[in-house]
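Report on the structure
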Amino acid sequence: MEKILIFGGVAAGATAAAKVRRISPTAQITMLEAGPDISFANCGLPYYIGGDIKSRSKLILQSPESFKEQYDVDVYTHTIVGSIDRVAHKVKTMDTRSGELKIFEYTKLILAQGGRPIKPTLTGADYDHVFTLWTLEDMDKIANHLTEKKPKNAVVVGGGFIGLEMVEALVKRGLKVNVVEMMPHVMAIMEAETAGFVENEMLSYGVGIHTGAGVTEIMRHSVKLDNGKILDADMVLLSIGVRPTLQLAKEAGLEIGEAGGLLVNAQLQTSDPDIFAAGDMVEIEHRVNGKKVRIPLAGPANRQGRIAAENTLGGNHSYKGAIGTSVVRVFEAVAGITGFSLKQARAAGFDADAVVVHKEHHTSYYPGAETVTTMLVYDRHTGIILGGQTAGYKGADKRLDVIATATAAKLTISDIADIDFAYSPPIGTANDAINMAAYTAENRISGFSPSVTVTELDAFIEGKNPVFVDVRDVFAFEKSHVKGALNLPLEVLAQQISAIPANRTIIIYDETGKKGHQALRTLLGAGFKDVTNISGGHTSLQRQARTVGFNHIQVNLLPVELKSLEEEVEKTEEKTVAKAKDENSLLVVDVRTPEEYSRGHIAGSTSIDIADPAFVSKINLLQKDKTILIYCLSGSRSYAAANYMIKNGFKKIYNLQQPALMDWNRNGFALEQSSKAIASTATKYTGQSFDKLLKDNKVVLVDFHAVWCAPCKAMKPVLDKVSTNFKGKARVEKVDVEANKEIAAAF
C-alpha cells in the first residue's frame, strides 16, 4: 500500500492530498502542518481585515476534521518535521504544543512547506505593533490590534501585492496610511506607467507614497526613513517579500537550484526520486525562455500540487512551467502583469519591443464605459508575444487573461490581431483593446507607424533635438503637456503643417496614441521623414511622470482627483437656463459629451450634449433672441446644433470652430483652468462694435476658422447650404475675422 506523506497543509499540500485520494481510494495519506490551520484562503486575509469579508470562517476551506471526513486524510497540525531519513523513508516530527515526538513512514513524500515573509533586522522590528501577514494567526493579531488599540496611523513597508492590499484594508479601517517602497515605484515588477495608474488611485484616497526609500528604524509611534523623513505609525506592516522554507530540504541533502528554490524536474521530482515538491518553495521553468525562476503564487502552487500528487502514484504528468500571471486591485484600480515586462524581455536576451493602447472596455456609447490599458511585449523578429500588462477600472482582468493565454501558447502578434472576442455593446467593442494593441504592434514592426513607449522615451531622444507635437485640443493641452510642445490639434494639423520644422525629429502624441497614429501618417504623407508616435499618448506620459519621471522632458502633472470611501449618492439635477437679465449678454453652449466637457471647456459655458435624447428640450429652454456661441471640437456637431436652432427660431447663433478655440485661449480668454473670468470675455463679445453685426430677425454666421487660415474656404459649403435653406429668412455673411479689424477688436 502506498504511504503518501505530505509536509504542508495549505495551497499545494491540501490540493495534493485531495488529488491523491481521488486517484487512489486505498493509499494511506498523512498531512503534517506546522501551523494551527490547514487549507485556508491566505489570499483573502487582507479583505477580512478591511471588512470586505465579514466572516472569518469563510476563509477556512477545510478543517482537519472535515478533511478526514471528506478525503480520509490524517492531518496533524502544530507539527514540525525535524529530519528526513531518505534511506529508511522515515521522518521525525514533534508536536509544538505537547513536545510529543513521532516517526512517520512514507513510500513517497511531497514537500509543500511554502515560504515565510521576510522580516528585516531593523531596530524596533520586534515591537508588538509591528506585523507581517501570512497566516490566519497573523490576521487575528492585526485585527485585534485594530480593535483594541485603535491606531490612527499606519506604515506599510513594501509596495507589492500584499502590501497594497493591506494599504486599502487599513484605509477602510479609518487609518491614515503611508507606504514605503525601496524601488522607484510600487508594484516594482510592473512597468512604471502601469504602476502610475495604481499610484494615482492610492493618492486619490489620501495614501502617502514614499518610493526610492527604506526604513532604518521603527519607533513606538513612528518610522524613520533613510531619507530622513519621520512618518507617524501606531502600527507597522512589513511586506517586503517571501523567502522559501528550505532548511529541512537542505538538511536532507536535496539539491537547491540556481534561482534559490528547491530544484525539481518537469515531474516536480526533487533530486531524490521518492520526494516531490510543489508550491512557493520550488523553482520552476519560466515558459517564455525556459530559465529557472521562483514564482510564489497561489495559482501555480495549486496546479503543482495536483501534478505532484499524480506523479507520486506513478503518473508522468509534466509541469510546463509558469509565466507569473498576477493581478492586484487597489481600491477600484486593477493592474496586472503576465510573462515578461519590456525590461525583463530585453534583459533575457530578446530583441523586444512593446506597444500600449488605452481603449474603452465596452462601447463608449453604452453607459459605464471605462478605459482599459493594454500593453503587449513581443519579439521584433518573430512577433511572438512575450508578455504584457493591463490596467483599468473595468476589463483589465479579461485582457490580462487573453495575453496570458497568448504568451503561454507562444502566439504571435498576427495570431491575436484578428481573433474574434466576445462583443455586444454592454460587454465589449467590435475591435477589442487586444485587437487594437496587436494592430499597433504590427504597425510598429512594419514601420508603417513608428512608435516608442514612455519607458523608452528618454533613451530614444538622447542626443536628439526633437520637436514634440501635441495633437490634442486646446483644453487638454492647457491642463498638461510636454514643456515646449507645439499644440496643433489633429483637426487643423494639415492646414498648420508648415509650423513644424522639417529637418528635426518629430515626436507626436495625443491622449491615447490613436489620433497620434493618424497625425503621424499625415506628416509622413506630407514628406516628413523622422516621425514617431508616443505609444499610449499623454495618458502614458502622465503615469510615467507620476512614478519615475523623465530625464530629458518635463510633463506637468494633472491634479489628483480626491475620492472618498464613504458611500456617495449620485444626484442628477436638471439644469435650467434662467432668462438673462441682459438680452445682449453672451451664452456659450458646449455640445460635446459630458466626458469631453469634464476634461476642459470654455469657462462659464453650459453643457448640452447634442447626442443626449433630451437635447431638444434643453435647447428650447434657452432664450431665442439671446446671442449664443456654440462649439464642439471640430465644428461639425456645433454646426448641426446651430442648424437645428436656426430652423427653430433662434436669432443670433455663432459656431466656433476648433482653431478659434485655440485663438480664444491664446488671446487671453478664459478656459476652465485659466484664472481669467468669463465676464471679461462676455464684455468683449458684446461690445458695441460687435453688436452692429446683429440685426433683428437675422442670423450672422461668423467663420471663426479664418482666424487661423484666412481666407478660409472651410465654411463655404456650410454657408451656401444655410443660405439656400434660409433664403429670405436670414442674411448670411462670411466674415473674415482676421481681415475685419472691427470684429478683431471684439476678440
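This is a predicted model, so every value here is computed, not measured.

1. Topic: the pattern of salt bridges
One pass over the structure, following the stated rule, counts 26 salt bridges. Between Arg97 and Asp95 there is a salt bridge, with the nearest N and O atoms lying 3.1 Å from each other. What makes Arg97 exposed here is its relative accessible area of 56%. One continuous salt-bridge network, built from bridges that share partners, spans Arg346, Asp351, Asp353, Arg380, Arg444 and Glu456.

2. Here we look at the sheet that holds strand 27 (residues 451-452)
The strand order across the open sheet built from five strands is 27-31-30-28-29, with neighbouring strands paired in parallel fashion. In the strand order of this sheet, the two ends are held by strand 27 and strand 29 (486-487), each with one partner. Pairing analysis gives three bridges linking strand 30 (residues 506-509) to strand 31 (residues 531-534), with the strands arranged parallel. From the neighbouring strand, Ile506 faces strand 31, where its bridge partner is Val531. Sheet strands touched by helix 16 (residues 514-525): strand 30 and strand 31. Its angle to strand 31, the strand with the most contacts, is close to 175 degrees.

3. Some remarks on helix 12 (residues 433-446)
In this model, helix 12 (14 residues) spans 20 Å end to end at C-alpha, consistent with the 20 Å of a helix rising 1.5 Å per residue. Among all positions in helix 12, only Ala433, Ile434, Asn435, Ala437, Ala438, Ala441 and Arg444 are buried. For helix 12, the elements touching its buried residues are strand 24 (352-360), strand 25 (371-379), helix 10 (396-408), helix 11 (413-417), strand 27 and helix 13 (454-461). Directly beyond the C-terminal end of helix 12, a positive phi value near 85 degrees is found at Gly447.

4. So, the sheet that holds strand 35 (residues 652-656)
An order of 33-32-34-35 is seen for the four strands of this open sheet, with the pairing classed as parallel. Of all the strands in the sheet, just strand 33 (606-607) and strand 35 have a single pairing partner and so form its edges.

5. Looking at the pairing of strand 26 (residues 385-392)
Among the eight residues that make up strand 26, eight are buried, leaving the element largely enclosed by the rest of the structure. As paired elements, strand 23 (residues 333-339) and strand 26 share six bridges and run antiparallel to each other. Paired with Ile337 across the two strands is Gln389, which belongs to strand 26. Direction of pairing for strand 25 relative to strand 26: antiparallel, over a ladder of seven bridges. In the strand pairing of strand 26, Thr374 is matched with Thr390. Counting the residues between successive antiparallel strands, the hairpin from strand 25 to strand 26 contains five residues, one of them, Gly383, with a positive phi of roughly 80 degrees.

6. Section: the packing of helix 6 (residues 192-204) against helix 17 (residues 537-547)
Packing of helix 6 against helix 17 brings their axes to within 7 Å, and their N-to-C directions diverge by 75 degrees. Taken as axis vectors, helix 6 and helix 17 run roughly perpendicular relative to one another. In contact with Ala192, Glu193, Ala195, Gly196, Phe197, Glu199, Asn200 and Leu203 of helix 6, helix 17 contributes Ser540, Arg543, Gln544, Arg546 and Thr547. The class makeup of the residues in the contact of helix 6 with helix 17 is four nonpolar, five polar and four charged.

7. Description of the confidence of the model for the protein
Across the protein, the average pLDDT comes to 87, with 85% of residues at or above 70. Here residues 567-584 is a poorly scored stretch, pLDDT under 50, and it has 16 contacts once near neighbours within four places are set aside; other chains count. Per-residue pLDDT stays below 50 along residues 668-747; that stretch engages in 137 contacts with residues further than four places along the chain or on separate chains.

8. Comments concerning helix 20 (residues 636-647)
The end-to-end C-alpha distance of helix 20 is 17 Å, a good match for the 16 Å that twelve residues give at a rise of 1.5 Å each. Within helix 20 the residues assigned to the buried category are Ser638, Tyr639, Ala641, Ala642, Asn643, Met645 and Ile646.

9. Observations regarding the side chain of Thr93
With respect to the element layout, Thr93 can be found in strand 5 (residues 90-95). Overall, Thr93 belongs to the buried group, its relative accessible area being 5%. Beyond its immediate stretch of four places on either side in the chain, Thr93 contacts Leu32, Thr79, Ile80, Val81, Gly82, Glu100, Leu101, Lys102 and Phe104.

Cut-offs used in this document
Starting afresh in each chain, residues are numbered from 1 along the sequence in its written order. Owing to the predicted nature of the model, reporting of local features is limited to residues with pLDDT of at least 70; listing and counting of side-chain atom pairs is limited to 80 or more, with chain, interface and lining totals taken over all residues. Side-chain metrics in this entry use all non-hydrogen atoms of the structure; hydrogen atoms and water are not considered. Every case where a carboxyl oxygen of Asp or Glu lies within 4 Å of a side-chain nitrogen of Lys or Arg is listed as a salt bridge. Only protein chains enter the calculation, and the probe is 1.4 Å; a residue is then buried if its accessible area is under 20% of its type maximum, exposed if over 50%, and partly exposed in between. Two strands are counted as paired when DSSP detects at least two bridges linking them. To qualify as a helix, a DSSP run of H or I must reach at least 4 residues; to qualify as a strand, a run of E must reach at least 2; elements of each kind are numbered from the N terminus. Whether two residues are in contact is decided by their heavy atoms: any pair within 4.5 Å suffices. Here, axes are lines fitted to C-alpha atoms. For helices the fit covers the stretch in contact, and angles between N-to-C directions go from 0 to 180 degrees. A helix is expected to span 1.5 Å for every residue after the first. The cut-offs work like this: below 35 degrees is roughly parallel, past 145 is roughly antiparallel, 65 to 115 is roughly perpendicular, and the gaps in between are oblique. Under the grouping applied here, Gly and all other residues not named as nonpolar or charged are polar, the nonpolar ones being Ala, Val, Leu, Ile, Met, Phe, Trp, Tyr, Cys and Pro and the charged ones Asp, Glu, Lys and Arg. Scored from 0 to 100, pLDDT records how confident the predictor is in each individual residue.

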